[in-house]
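Chain and residue survey
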Amino acid sequence: IRDSVYSARKEALIKPLLDRYTEETGVAVNLVTGKGDALLTRLKTEGRNSPADVLITTDAGRLYRAHEAGVLQPIDSDALKNLVPAHLRNEQGYWYGLSVRARAIVYAKDRVEPSALSSYEDLADPKWKRRICIRSSSNIYNQSLVASMLAAHGDEATQAWLNGLVANFARPPQGGDRDQIKAVAAGQCDIAVVNSYYFGAMLQADEEQQAAAGKVAIFWPNQADRGTHVNVSGAGVTASASHVKEAQALIEFLARDDSQRWYAETNNEYPVRADIPVSDLLKSWGEFKADQLDVTELGKRNAAAVMAMDRAGWK
Ligand code: FE
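Residues numbered from 1 in each chain as written. Predicted model: local features only at pLDDT ≥ 70, side-chain atom pairs only at ≥ 80, totals over all residues. Heavy atoms only, no water.

Concerning the overall build of the chain
Of regular secondary structure, the chain possesses 13 helices and 10 strands. Rg of the C-alpha trace for the chain: 19 Å, near the compact-globule value of 20 Å for 315 residues, within the 12% margin. Across its three principal axes, the chain shows a C-alpha extent of roughly 60 × 40 × 30 Å. Across the 315 residues that make up the chain, the buried fraction comes to 58%. The long-range fraction of contacts in the chain, counting pairs at least 24 apart against all pairs at least 6 apart in sequence, stands at 77%. In the form shown here, the chain has an accessible surface area of approximately 13,200 Å², with 48% of it arising from carbon and sulfur atoms. Each charge sign in the chain was given a centre, from 37 positive and 40 negative side chains, and these centres are 4 Å apart. (Helix = DSSP H or I, 4+ residues; strand = E, 2+ residues; numbered from the N terminus. Rg over C-alpha atoms; globule rule 2.2 N^0.38 Å. Buried < 20%, exposed > 50% of the residue type's maximum accessible area, 1.4 Å probe, protein only. Contact = heavy atoms within 4.5 Å. Areas by Shrake-Rupley, 256 points an atom, 1.4 Å probe, with all protein chains shown as cover. Lys, Arg positive; Asp, Glu negative; His and termini not counted. Charge placed at Lys NZ, Arg CZ, Asp CG, Glu CD.)

Below, the structure written as structure tokens:
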């Protein structure tokens, strides 16, 4: 038997775990890696003939889309229901979160007092005029962040917030999350909104990236209320799977103690399970309160988020 895995996670972030799974179970894994949206398109195109058994991808927004597109099937796993908190998985078992990523604020240590920071809402305050860097509205991480604002505040308040936020941009959105950190380090802006694992990756990368990351610090927004916006990477069994049992076993394997630890640590993310300790680097950033919003809501509100961002002129 051979499990076929389509993964939007890079090979280095998943292959060693899959190898361990093969060692333990004798089930070989055929790994196909690609970009999240491209893999979903491929699954849709291949339909029932897809060789894929498991889809691993990032962002609840994408997992939601995969479910909507009909390329996943529900699995009823007591193990996964016990291990993965209810708000980090699909209610019917179409997908399960396997790691948690937090969308944090980073700030220039020499120009911003952390006491000036508080919440995502505060980023719309005119005091941040021309001081904020953030990537494009086409990025699903930002769409999911805005979806969480819609869930917390509704349409009108979110639109007003978006208008204020966009007015505070230091430059037209460009590049990825690492580029926002580099821009803060270079003085093009004073704060940026990024997934915290990119900050971690830069601290572990080449000298240039380390130097840039060294000029910023991380801040966890919304600690006084609902908590910092979080999202997941996760997995589901495909509708076309020919090895459903093995596919389920593989996802269960990824939720196991040692896998959770490795999976989270390797990408500087957080385990989905509160009982798994985080790495020393993540500990050094301090504990934070995470928004307990059901991440399925991020998918449900994605279209509304995209429209609201567009109306606000967020390129
Ligand atoms: Fe990412």
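The discussion continues.
Quick look at the packing of aromatic side chains
Per the stated rule, a full pass over the model turns up seven aromatic pairs. A ring pair is formed by phenylalanine 169 and tryptophan 314, whose centres lie 5.4 Å apart and whose planes are at 80°; its orientation type is edge-to-face. Separated by 145 residues along the polypeptide, phenylalanine 169 in the loop between helix 5 (140-167) and helix 6 (177-185) and tryptophan 314 in the segment after helix 13 (302-311) bring together distant segments of the chain. The two residues phenylalanine 169 and tryptophan 314 agree in class, both being buried. Counting every residue linked through ring pairs, the aromatic cluster contains Trp220, Tyr270 and Phe288. Seen from the ring of tyrosine 263, arginine 9 lies directly overhead, with NZ or CZ sitting 4.7 Å from the centre. (Phe/Tyr/Trp six-rings, centres within 6.5 Å; stacked < 30°, edge-to-face > 60°. Lys NZ or Arg CZ within 6 Å of the ring centre and 35° of its normal.)

Re the pattern of salt bridges
A complete count under the given rule lists 25 salt bridges for this structure. A single network of salt bridges, built from pairs that share partners, joins Arg20, Glu24, Arg256 and Asp258. (Salt bridge = Lys/Arg side-chain N within 4 Å of Asp/Glu carboxyl O.)

Describing the packing of helix 6 against helix 7 (residues 196-203)
Interaxial distance between helix 6 and helix 7 falls to 9 Å at its minimum, and their mutual angle equals 65°. Between helix 6 and helix 7, the interaxial angle falls into the category roughly perpendicular. The crossing of helix 6 and helix 7 is right-handed. Of the residues in helix 7, those touching helix 6 at Asp177, Arg178, Ile181 and Lys182 are Tyr198, Phe199, Ala201 and Met202. Classifying every residue of the contact of helix 6 with helix 7 by side-chain character gives five nonpolar, no polar and three charged. (Axes fitted to C-alpha atoms, helices over the stretch in contact; angles between N-to-C directions. Parallel < 35°, antiparallel > 145°, perpendicular 65-115°, else oblique. Left-handed = near helix turned anticlockwise from the far one by under 90°. Nonpolar A, V, L, I, M, F, W, Y, C, P; charged D, E, K, R; others polar.)

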